[in-house]
Amino acid sequence: MISEQETTRDDARAVDPIGDQERLGQQHAGGRNFAKVGSSRASTLTYTYGPGAIMDLSHFTVMPTGLDDWDRVYARRAAGEGSAIHAPRLVRTAQLLVGPQVSRLRPYPWEPSLGGDKRDNVDLGVPARVFPQWLRCTGCDRLAPLSFFVRDGHGYRNTNPYRPDQATIYHYNCPGHGGRARSGKAREAACVPARYLLACPDGHLDEFPYDWFVHHGGNCPKAAHPILKLIESARSSSGTAVKCVSCGEYRPMSHAISTEGRDQLPRCRGRMPHLGVFRPGGCDEAVRVMLIGASNLWFPINQSIIDMPQRDENAIRKKHYDQVCEAFRDTPGFIKDPADTLALQTAVIILQNHRELQHEQWVRELDASALAALIAQFTAGEEDEAARAERRRNWDPVELLVPEWRHLDEERFSATPGDSYDQESGLSVHTEDVDETVRALGVRRVLGIDRLRKINALLGFTRIDAYDRADDLGARFVPLSRKPPTWLPATEDRGEGVFIQFDEDAIQQWESRVEDSELWEAYRAAHERNAINRQSDTSKGGNTDERMPPARYWMLHTLAHALIKRMAMSSGYGVPSLSERLYAWKPDGERQGAAGLMIVTAASDSDGTLGGLVALAEPARFAQIMADALDEMRRCSSDPVCAMRVPEDPEDFLHGAACHSCVMVSETSCERSNRFLDRRFLVALPGGYKRHRYADLAFFG
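Here goes a summary of the coordinates provided. In this text, all values refer to a predicted model and were calculated from it rather than measured experimentally.

1. Side note on the overall build of the protein
Then step 1. The number of helices and strands found in the protein is 21 helices and 25 strands.
Then step 2. Buried positions account for 52% of the 701 residues belonging to the protein.
Then step 3. Contacts spanning at least 24 positions in sequence make up 70% of the contacts within the protein whose residues lie at least 6 apart.
Then step 4. Put simply, the protein shows about 31600 Å² of open surface, and 48% of that area lies on carbon and sulfur atoms.

Here you go:
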């Protein structure tokens, strides 16, 4: 549930939707729904409309605020501060990227389903504020801030308890385009957001300065508070324009959007509207005009893991230490001194009676000396900020996948479903026999993932440049709260899947052949052009080759899409419900190479999914699905155009023989936005096409 607060001030005062609901409910009869303006799934808030993003409602837009404003909502829950999501491996990544103060992950505040007449009494969820707050009246084109339209008890309507998304900001007593108000009943016209904004590469976002712009950087000579209009005309060559009624000035918005006009815009003020603050000292970056619905307005920084059982002794002890720190999060100095025997003994008693830890075996066996050793082990060599910054610069998202790959690669699982169930991680895996026809294709192992738990955390966001394209991620990382957060929002999904592992030697031999080819050189050059063309001026200059996925990734990625399409036909799940998880990297030092993929379906329901996907891992069924998937890749309804596609200068697309008719899938299924795909890496494409000389690059021959 989303909520908003009427405010035009941009300061650090916390958004208070609960207080608004109580206050407005008393002022307006039947208005108990006044503060609620819509609803959203937790996954949507993680990937599309999180804090700092702009969410479209029916009649206006809102921006979810920072995490500081969520605490009062959590405090209203029956569980007090809200239950934590257990994912130590993901928390350690958050500590590296966000800060060492992060100690836990929290589920999004959700609205309990009460039904019936109790709907009016449900609590509010994620706080949000109206943004942008400059609005345009659809009746008279009046352009003004929210405070002009909403005042004296007029200008906002939201009293339907069943449709909070129909909340409307309207211009009371609107004169219309004729300029005069109607006699008798006051005319009301809906207001819509003025869609222009200013953004900078460092993640700041601000309202467009319409008054400043139409007066060419000055003030209106006729009025201190001039009457502005935003005029949209399809008949005019200038399109949208701002007009000052008070003095007659008129200026098309094209003057601000053009390359020449960008140099005349004001400098960035360092505004972060989701936090209600400005950057101390301001910001020196140049701004650019953006529209509300621009795809590069908000790029989430998400990381996810599939929880795996801990097998490494040091990792297990680190998890125990993290649990101790979490238990004493509010009193960190309580056990800071391992030599204080009395404090340690007291701490042991507290831990053994802790609601979430009292049933764990290691806690029941804990004593003061063991607790002292545990604390000393992980506090003696704590890294300083400089070391952490260096590790952050060298961090690779692959590090989150390595423990999963090692467990699936090294663990010997039972062939009976359920025998290998791990209660703590929620993972249940069984081994399937590999059909000889599948083994001949280079598949070494097939596992049925009967149950899994996937955790997805939102760490921050960027604007203009996606986080995987920015070389200076530390500077562009827009925080989710005004002060360093001690927790981050996350979602927890349960589901099933199929894991396919390939022979490493066969992959390496094929990969070396591909990366020496003319086709691979064309992709490498296209990747470099793609980065140059799509990055902002302040993010250019990095080594694009380091970000280019290896050839094995392209092949496994394309195969994953082919399998998703075939599995959707037999599993009972639609294509958007299936997603990929790729383990594809070359050997690097002590890190062994990986060549495998997992097709997963997961749901937020605690019971998970129904087993239709994991059933496809059975040898005969998987062999048929594999054969059908590869056979479908040989032909495309867009051939020969699709089969001939290779990027040539100045083209910068990152897919070859791949299109929506053959390989591409929905955005919910693909982890790389349908990039790095080519059917040629799977099978030889038939026909006498110009690019048929690449037939020897097919892994499956």
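Continuing now.
2. Examining the pattern of salt bridges
Then step 1. Applying the stated rule across the entire model yields 27 salt bridges.
Then step 2. Note that Arg-157 is salt-bridged to Glu-188, the shortest N-O span being 2.8 Å. With Arg-157 in strand S9 (residues 156-157) and Glu-188 in strand S11 (residues 188-193), this pair connects stretches of sequence that are 31 residues apart.
Then step 3. You can call Glu-188 partly exposed: its relative accessible area is 40%.
Then step 4. One salt bridge in this structure joins Glu-515 and Lys-586, with 2.7 Å as the shortest N-O distance. Of this pair, Glu-515 sits in the loop between helix H17 (504-514) and helix H18 (518-534) while Lys-586 is found in the loop between strand S24 (579-585) and strand S25 (594-603), placing the two residues 71 residues apart along the sequence.
Then step 5. Residue Glu-515 is classed as partly exposed on the basis of its relative accessible area, which comes to 24%.
Then step 6. Three or more residues joined by partner-sharing salt bridges are found here, namely Arg-136, Asp-141, Arg-195 and Glu-232.

3. Considerations on the pairing of strand S20 (residues 299-306)
Then step 1. Counting buried positions along S20 yields seven of eight residues, so the element is predominantly enclosed.
Then step 2. By the bridge criterion, eight bridges tie S20 to strand S22 (residues 443-462) in an arrangement that is antiparallel. Paired with Phe-299 across the bridge in S22 is Thr-462.

Cut-offs applied
- Residues numbered from 1 in each chain as written.
- Predicted model: local features only at pLDDT ≥ 70, side-chain atom pairs only at ≥ 80, totals over all residues.
- Heavy atoms only, no water.
- Helix = DSSP H or I, 4+ residues; strand = E, 2+ residues; numbered from the N terminus.
- Buried < 20%, exposed > 50% of the residue type's maximum accessible area, 1.4 Å probe, protein only.
- Contact = heavy atoms within 4.5 Å.
- Areas by Shrake-Rupley, 256 points an atom, 1.4 Å probe, with all protein chains shown as cover.
- Salt bridge = Lys/Arg side-chain N within 4 Å of Asp/Glu carboxyl O.
- Pairing = 2+ DSSP bridges.

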